[in-house]
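Notes for the structure review
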Amino acid sequence: MTESRITVPSSITLFDTTLRDGAQQEGLRFSVEDKLRIAALLDGLGVGLIEGGWPGANPADTAFFQRARTEPELHGSRLVAFGSTRRPGSRAADDQLVAALRDADTPVVCLVAKADSRHVEKALRTTAAENLAMIADTVTHLVGQGREVMVDCEHFFDGFRYDPDYALEVVRTAAEAGASTAVLCDTNGGMLPSMISEIVGATAELGVPLGIHCHNDTGCAVANSLAAVEAGASQVQGTINGYGERTGNADLVTLIGNLETKYHLRVLPEGQLAHLSGVAHAIGEIANQLPQARQPYAGRSSFAHKAGLHASAIRVDPDLYQHIDPAVVGNDMRMLVSGMSGRANVLLKASELGFDGLTRDQAGELVDLVKRREVDGYSYEAADGSFELLLRDHLGMPSSAFEVLFWQASSHQTGDGEVITTAVVSLHPTAGSPGVESCGGSAATTVEATGNGPVHALDQALRGALIDHFPQIAACHLTDYRVRILDDGHGTDATVRVLIDTEIDQQITATVGVGTDIIEASWEALSDAYRHALISRS
């Protein structure tokens with residue numbers, strides 16, 4: 001189907017459930033402060049609805065809604081409180097959890113209601129008729145309290161396939177009671193796009209505004225959400241970076257990118273799409289989750305090119321191997337240099353690093369050098385900092401602001417079983433290094449330090465030796481350390497590759513070291529990290 005033939009609703013509402021459904025991810029926990037910060041980021045991006053959690057279900061969510069009355073000040077988003085319909089055999093006006101929804105004082109409430117008759121009988125242990133009464137009573141009560149009410153029709157798609165008449169009756173009942181939207185939930189995440197299209201299309205015939213909420217257990221959550229939009233859903237629910245229990249929810253970042261750039265639907269305020277990648281990364285930092293390099297639109301590798309054929313074409317026209325301009329979503333194109341590279345990769349990478357005068361012959365020499373070093377275990381596609389140093393060395397340019405005279409690291413165990421690790425580093429600034437004259441001169445400095453293991457001790461000693469000469473090094477922070485064994489089947493004599501990520505001025509640079517001695521490989525990557533940090537700031 002061509003893009004021009006796709007019919008979608010003219011207006012799509014974004015509903016973010018990172019703070020509620022996303023928080024159910026294994027190993028992910030948000031404090032109240034975290035949730036307030038994320039809500040502010042989502043509001044700044046322009047997400048229409050932000051589901052903050054389940055008031056009354058746990059103290060943290062209750063505290064969040066209490067504080068959210070005054071902070072953060074939302075400028076466009078509306079806060080949503082999540083909860084369930086009343087209990088069987090009770091009245092909504094008397095139900096404690098419904099009271100917690102009222103007390104949360106949000107303009108919007110999202111109720112979860114069973115849409116699968118098997119769940120009604122086995123999980124709720126009530127009758128199909130009573131479940132419908134619970135929905136009608138709770139929606140009517142909350143609408144009467146001045147709330148806009150949406151209903152998450154839980155297990156809707158599985159329920160529809162088992163008993164379509166009852167699943168549709170749940171939607172009809174919610175709408176007749178005053179719900180503004182019936183959200184169809186693929187709670188088990190087992191649907192495929194064709195199933196979603198068929199069922200949403202059939203449900204849309206009721207004439208009720210529909211939303212879609214998909215989990216990613218088949219790897220189709222985004223595709224299923226888009227299929228629902230094409231079939232008539234006008235609200236899309238998801239989580240930033242796809243957080244959520246099991247395999248996660250539909251990634252709202254990818255959904256926004258697709259809705260804006262493929263369907264040409266304005267789902268964010270004008271100009272905000274360019275902040276998409278930044279918000280995704282910022283929320284990832286708050287969630288303490290490693291960034292997903294291959295995440296569509298926002299991932300670091302989303303617009304990274306490695307093959308020489310790609311690079312040659314991109315030099316002519318970047319659009320030949322990119323589906324959009326990365327800047328549209330706040331990302332950047334990256335050129336990777338590896339054994340698969342050609343001259344075009346090196347020329348583009350050099351230009352990206354600020355070296356525009358590289359000749360084709362010099363690029364060819366660098367390609368050969370990179371390939372030889374990859375045989376030894378180096379990898380430059382993931383180590384931009386080390387590649388820049390290699391480039392500088394090859395061109396005869398300054399590549400280090402200091403010279404190391406010697407280094408050593410050792411560990412020993414005391415009689416009481418304590419392991420103590422120390423390192424010594426001796427260095428002096430390279431003649432002419434920026435800032436040397438005003439920061440201690442060029443005399444050699446030797447520093448001994450202890451640390452939590454030899455790499456940490458070396459880092460502490462190296463920083464200590466540099467800081468008097470180069471105080472700007474205080475802004476340099478090591479953020480990640482990775483070790484890879486390169487020789488399968490070898491024992492302790494295997495070659496290892498160490499990659500270190502360094503952050504300075506909110507920019508991450510990676511350096512690489514290789515050796516049969518893990519400490520030697522770590523030292524190479526570590527010293528390169530500080531070499532690059534000083535050279536790049538000179």
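Glancing now at the overall build of the protein chain. From N to C terminus, the protein chain includes 17 helices and 16 strands. Within the span of the protein chain, comprising 538 residues, buried residues form 52% of the whole. In the protein chain, the share of contacts with a sequence separation of at least 24, taken over all contacts with a separation of at least 6, comes to 69%. Counting only carbon and sulfur atoms, one obtains 48% of the accessible surface of the protein chain, whose full area is about 23,600 Å².

Two measures define how a pair of helices packs: the angle their axes make with one another and the distance between the axes. Between helix α16 (residues 454–467) and helix α17 (residues 518–536), whose axes approach to 10 Å, the crossing angle comes to 30 degrees. One finds that α16 runs roughly parallel with respect to α17. Viewed along their axes, α16 and α17 form a crossing whose handedness is right-handed. Each of Pro-454, Val-455, Leu-458, Asp-459, Leu-462, Arg-463 and Leu-466 in α16 lies in contact with α17, whose residues at this interface are Ile-519, Ser-522, Trp-523, Leu-526, Ser-527, Tyr-530 and Leu-534. For the contact of α16 with α17, a count of residues per class yields 10 nonpolar, two polar and two charged.

The next point concerns the sheet that holds strand β1 (residues 13–16). Spatial strand order, β1-β2-β3-β4-β5-β6-β7-β8: eight strands in a closed barrel with parallel pairing. Averaged over neighbouring strand pairs, the angle between their axes works out to 25 degrees when direction is ignored. With five bridges connecting them, strand β3 (residues 78–84) and strand β4 (residues 108–114) associate as parallel partners. Its bridge partner being in β4, Val-80 is matched across the sheet by Val-108. Where helix α1 (residues 32–45) meets the sheet, its contacts fall on β1 and β2 (49–53), and the angle it forms with β2 comes to roughly 175 degrees.

Taken in spatial order, the three strands line up as β14-β15-β16 in an open sheet, and their pairing is antiparallel. Each edge of the sheet is formed by a strand with only one pairing partner; in this case those strands are β14 (477–485) and β16 (507–515). The mean angle between the axes of side-by-side strands here comes to 20 degrees, regardless of whether they run parallel or antiparallel. Bridge count between strand β15 (residues 496–504) and β16: nine bridges; the pairing is antiparallel. Its bridge partner being in β16, Leu-499 is matched across the sheet by Val-512.

Where burial is concerned, most of strand β6 (residues 181–186) is hidden: six out of the six residues are buried. Alternating residues of β6 divide into Thr-181, Val-183 and Cys-185 and Ala-182, Leu-184 and Asp-186, and every residue in both groups is buried. Sheet topology note: the strand β5 (residues 148–154)/β6 ladder contains four bridges and is parallel. Note that in β6 the partner of Val-151 across the bridge is Ala-182. Note that the unit made of β6, helix α8 (residues 193–204) and strand β7 (residues 210–214) has a crossover that is right-handed.

Let's shift gears to the environment of Arg-463. Here Arg-463 lies in helix α16. Among the residues examined, Arg-463 registers a relative accessible area of 19% and is labelled buried. With 16 residues separating them in the primary sequence, Arg-463 and Val-447 have C-alpha atoms 8.9 Å apart. If we ignore the near neighbours within four places in the chain, the residues touching Arg-463 are Ile-473, Ala-474, Cys-476 and Tyr-530.

Okay, the confidence of the model for the protein chain next. Across the protein chain, pLDDT averages 88, with 89% of residues at or above 70. A low-confidence stretch, residues 434–440 stays under pLDDT 50, and its non-local contacts, those more than four residues away or across chains, total 13 contacts.

Here the focus is the pairing of β15. Counted residue by residue, β15 has eight buried out of nine residues, so it is predominantly covered. When β14 meets β15, the two strands line up antiparallel, connected through eight bridges. Bridging from a neighbouring strand, Arg-482 pairs with Leu-499 of β15. The antiparallel hairpin formed by β15 and β16 contains two residues in its connecting segment, where Asp-505 sits at a positive phi of about 55 degrees.

This brings us to the nonpolar core. Counting 86 residues, the largest nonpolar core has Phe-156, Phe-157, Ile-256 and Leu-259 as the members making the most contacts within it. When residues of this core are assigned to their parent elements, the largest contribution, seven residues, is made by helix α7 (residues 164–177). Dropping the residues within four chain positions of it, Ile-256 is found in contact with Leu-14, Leu-45, Val-267, Leu-268, Leu-273 and Leu-276.

At a minimum axis distance of 11 Å, the contact between helix α3 (residues 96–104) and helix α5 (residues 128–144) shows a crossing angle of 25 degrees. Judged by the inter-axis angle, α3 sits roughly parallel to α5. When the axes of α3 and α5 are compared, the crossing they make is right-handed. Contact with α3, carried on its side by Val-98, Leu-101 and Arg-102, involves Thr-138, His-141 and Leu-142 of α5 and no other residues of that element. Here the contact of α3 with α5 is composed, by residue class, of three nonpolar, two polar and one charged.

Before going further, it helps to examine the packing of aromatic side chains. Tallied over the entire structure, the rule returns five aromatic pairs. For the pair Trp-54 and Phe-82, a centre-to-centre distance of 5.2 Å together with 80 degrees between the ring planes defines the contact as edge-to-face. Here the residue Trp-54 occupies a position in the loop between β2 and α2 (59–67), and Phe-82 occupies one in strand β3, the gap between them amounting to 28 residues. We classify Trp-54 as partly exposed; its relative accessible area is 23%. Of the residues examined, Phe-82 reaches a relative accessible area of 3% and is grouped as buried.

What counts and how
- Residues numbered from 1 in each chain as written.
- Predicted model: local features only at pLDDT ≥ 70, side-chain atom pairs only at ≥ 80, totals over all residues.
- Heavy atoms only, no water.
- Helix = DSSP H or I, 4+ residues; strand = E, 2+ residues; numbered from the N terminus.
- Buried < 20%, exposed > 50% of the residue type's maximum accessible area, 1.4 Å probe, protein only.
- Contact = heavy atoms within 4.5 Å.
- Areas by Shrake-Rupley, 256 points an atom, 1.4 Å probe, with all protein chains shown as cover.
- Axes fitted to C-alpha atoms, helices over the stretch in contact; angles between N-to-C directions.
- Parallel < 35°, antiparallel > 145°, perpendicular 65-115°, else oblique.
- Left-handed = near helix turned anticlockwise from the far one by under 90°.
- Nonpolar A, V, L, I, M, F, W, Y, C, P; charged D, E, K, R; others polar.
- Pairing = 2+ DSSP bridges.
- Right-handed = clockwise from strand over helix to strand, strands pointing away.
- pLDDT = per-residue confidence, 0-100.
- Core = buried A, V, L, I, M, F, W, Y, C linked by side-chain atoms within 4.5 Å.
- Phe/Tyr/Trp six-rings, centres within 6.5 Å; stacked < 30°, edge-to-face > 60°.

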